[in-house]
Amino acid sequence: MPHPLTSLICIICIICGPLPSVAQSWPQFRGPNQDGTSNATNVPTSWSEEENITWKTELPGKGWSSPVVLNDKIWLTTAIETRPSEAEAQKLLDETIENPRHRKSRQIVTNLKLQALCVDLESGKLEKTIDLFTIEVPEAIHTLNSYASPTPVVEPGRLYCDFGTFGTACVDTESGEVVWTKDLDLIHSVGPGSSPILIGNTLVLVRDGVDVQYIIALDKGSGEIMWRTPRPPMDAETGDKKKAYSTPIFIEHDGRAQLIAPTSQWIVSYNLANGEEFWRAYHGTGFSLVPRPVYSPDTGLVYVCTGFGNPELWAVDPSGSGDVSETHVRWTEPKRIPAKPSPLLHNDNLYVMEDGGVATCFNAADGEVIWEERVGGNFSASPILADDKIYFANHEGITTVLAAGSEYNVLAENQLDGQIMASPVPLDDSLLIRSNTALYKISAE
């Protein structure tokens, strides 16, 4: 059965040309369907450091961005850090961070080099290392974050890399030359997180900092600003409760194409053509929102996790106009909801993995809990689905594979060395996993 976003993909193809094959490419965060699902077949179920590893490539630097894949080339971003001594780091944190409580959870470097990496899909060889930005004493970030967390977007001939306040770059994938760069400064507080998305000729970026909050569209060919729209007003005592890191989705609902871009306190829908709002829904005091929303044409609902504080799961009908807070919210769930991993839809079920390792399967139509189980571990990566299997990867290097469905059924638990913060990538006969030190290509059994 075709993926439910097929109709939208067809609309985009008419406007923009064909998209890469769903099974053999992974062009953006959460893949070609924007939701972590794939048509890839024969995706591996079991592996270890000694079993079913096609290749393992050590990566320079540090980055939590997920791999993107096109034409047998894998692209990633990374940050090469020059770290100060403990005493120097403490001095820099004292000078740059006002709140003493925040200093304990921050990391800082004295020099930062941001790069794009190209790895050959077949051999695992690191073929290109492209310098993009160099920053002296950049803003401190959270100890759980990296300076290269946003996932890039790839299309034929071009790679678009975003590092939040540290810069945005377009790269020629053949020559490795930088085509254009853009600086859109803001204060993240804990570092960058939102990934760019590409729709036709439009590159959309979210800039939800503690100082400014807006969404912006750039011309992909030149990097010039097409439109910039402020976020709705927020009732918060500090900018720290206004920041957010979610990645938008682009959907078509009842004939209306719209950009769904949640932020702190609000879920917002925009017109891609000019940045004007279609509708907004107030979700409360949630902030630092990270998960990417998902959309189901079957239920006609958008599903949004509302961020830190007390994360909730909201199901919203995207057919409204203006403030729809009291009219178009179909159901909410306040328990077992993630603050970082994105939700996953498959058939009639909606799956979430709470940051502390509790997985829940909901009925997507009404929010009824179908099952709830403790998997264990700590999670930041978003789940993926292929071959009717769900892959949950945790900080401890373990990927738990479940059979998708209305019963909790663990197929395998797979341990790799290191930490997994990036979301895995399914391809035909293989799986890509990025750890904190290496990129793995795992083969089918």
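On a predicted model such as this, the values are computed, not experimentally measured, just so you know. Positions within a chain are numbered from 1, following the residues in the order the chain's sequence is written. Where local features are concerned, this predicted model is filtered to residues with pLDDT of at least 70; where side-chain atom pairs are given and counted, the filter is 80 or more; whole-chain, interface and lining totals use all residues. Values shown for side chains rest on all heavy atoms present in the structure; no hydrogens or waters enter the calculation.

## As for the packing of aromatic side chains
- Put simply, two rings from Phe, Tyr or Trp (the six-membered ring, in Trp's case) pair if the centres are within 6.5 Å, and we call them stacked under 30 degrees between planes, edge-to-face over 60, tilted for the rest. Taken as a whole and judged by the stated rule, the model has eight aromatic pairs.
- Taking the centre distance of 6.1 Å and the plane angle of 50° together, the rings of Y351 and W371 count as tilted. Taken together, the positions of Y351 in strand β26 (residues 349–353) and W371 in strand β28 (residues 369–374) put the pair 20 residues apart, joining distant regions of the chain.
- Relative accessible area decides the class of each residue, using a 1.4 Å probe on protein chains only: under 20% of the type maximum gives buried, over 50% gives exposed, and in between gives partly exposed. Among the residues examined, W371 registers a relative accessible area of 7% and is labelled buried.
- The structure contains a cluster of three or more aromatic residues connected by ring pairs, namely Y303, W331 and F362.
- Over the face of the ring belonging to Y214 we find R228, whose NZ or CZ atom lies 3.6 Å from the ring centre.
- The criterion for a charge sitting over a ring is simple: Lys NZ or Arg CZ within 6 Å of the ring centre, and within 35 degrees of the ring normal. Above the plane of the ring of F278 lies R256, whose end atom (NZ or CZ) is 4.5 Å from the centre. The way it works is that DSSP assigns letters per residue, a run of H or I at least four long becomes a helix, a run of E at least two long becomes a strand, and they are numbered from the N terminus.

## A closer look at the pattern of salt bridges
- Each reported salt bridge corresponds to a side-chain nitrogen of Lys or Arg within 4 Å of a carboxyl oxygen of Asp or Glu. Taken as a whole and assessed by the stated rule, the structure comprises 17 salt bridges.
- For E95, the salt bridge identified is with K91, shortest N-O distance 2.5 Å. Here the residue E95 and the residue K91 both occupy positions in helix α2 (residues 86–96), the gap between them amounting to four residues, near one helical turn.
- Among the charged side chains, a salt-bridge network with shared partners connects K73, D120 and E127.

## Describing the sheet that holds strand β11 (residues 178–182)
- Note on pairing: DSSP must find at least two bridges between two strands before they are called paired. Reading across from one edge, β8-β9-β10-β11 is the order of the four strands in this open sheet, with antiparallel pairing throughout. The open sheet is flanked by β8 (153–155) and β11, the only strands paired with a single partner. The sheet shows a mean angle of 10° between the axes of neighbouring strands, taken without regard to direction. Helix axes are fitted to C-alpha atoms over the stretch in contact, other axes to C-alpha atoms as well, and angles between N-to-C directions run from 0 to 180 degrees.

## Description of the environment of E368
- Structurally, E368 can be placed in the loop between β27 (358–363) and β28.
- Under the relative-accessibility criterion, E368 is labelled partly exposed at 48%.
- Separated by 19 residues in sequence, E368 and N349 have C-alpha atoms that sit 9.8 Å apart.
- Excluding anything up to four places from it in sequence, E368 contacts C361, F362 and N363. Any two residues whose heavy atoms approach within 4.5 Å are treated as being in contact.

## Side note on the nonpolar core
- We define the nonpolar core as a collection of buried residues of types Ala, Val, Leu, Ile, Met, Phe, Trp, Tyr and Cys that are connected through side-chain atoms lying within 4.5 Å of one another. W47, V69, I74, L431 and L432 are the most contacted members of the largest nonpolar core, which has 28 residues in total.
- Listing elements by their share of this core, those giving two or more residues are β3 (73–82), β5 (111–120), β29 (384–386), β30 (389–393), β33 (425–427), β34 (430–434) and β35 (438–443).
- No other element matches the four residues that β35 contributes to this core.
- By size, the runner-up hydrophobic cluster in this structure holds 23 residues, among which are W75, V109, L132 and A148.

## Some remarks on the pairing of strand β19 (residues 277–282)
- Bridge analysis of strand β18 (residues 266–270) against β19 gives five bridges, and the strand direction is antiparallel. Counted as the bridge partner of V268 is R280 from β19.
- Here β18 folds back onto β19, and the loop between the two strands holds six residues, one of which, G275, carries a positive phi near 80°.
- Pairing of β19 with strand β23 (residues 322–323) involves two bridges; the strand directions are parallel. From the neighbouring strand, W279 faces β23, where its bridge partner is G322.

## Considerations on the sheet that holds β35
- Strand order in this open sheet of four strands is β1-β35-β34-β33, and the pairing throughout is antiparallel. Each edge of the open sheet carries a strand with a single partner, namely β1 (53–58) and β33. The average angle at which neighbouring strand axes cross in this sheet is 15°, direction not considered.
- One ladder, built from three bridges, connects β33 with β34; its direction is antiparallel. For P426, the partnering residue across the bridge sits in β34 and is L431.

## Structural notes on the confidence of the model for the protein
- Confidence of the prediction at every residue is given by pLDDT, a number between 0 and 100. Residues at a pLDDT of 70 or more form 95% of the protein, whose mean pLDDT is 94.
- Note that pLDDT drops below 50 for residues 4–23; the model gives that stretch 29 contacts with residues more than four away or on any other chain.

## Let's talk about α2
- Where α2 is concerned, the buried positions are A89, L92 and L93. For α2, the buried positions fall inside an angular range of 100° around the axis, keeping them on one side. Set apart from the buried face of α2 by more than 90 degrees, the exposed residues are A87, K91 and E95.
- In this fold, the buried residues of α2 make contact with α3 (100–103) and β4 (106–107). It is the directions from the helix axis to the C-beta atoms that the arc portrays.

## Description of unusual backbone geometry
- Residues other than glycine seldom take positive phi values, yet N52 does so here, at roughly 60°.
- Examined against the element boundaries, N52 turns out to sit in the loop between α1 (6–16) and β1.
- Here S189, not a glycine, exhibits a phi torsion of approximately 80°, which is positive.
- Inspection of the secondary structure assignment puts S189 in the loop between β11 and β12 (197–199).

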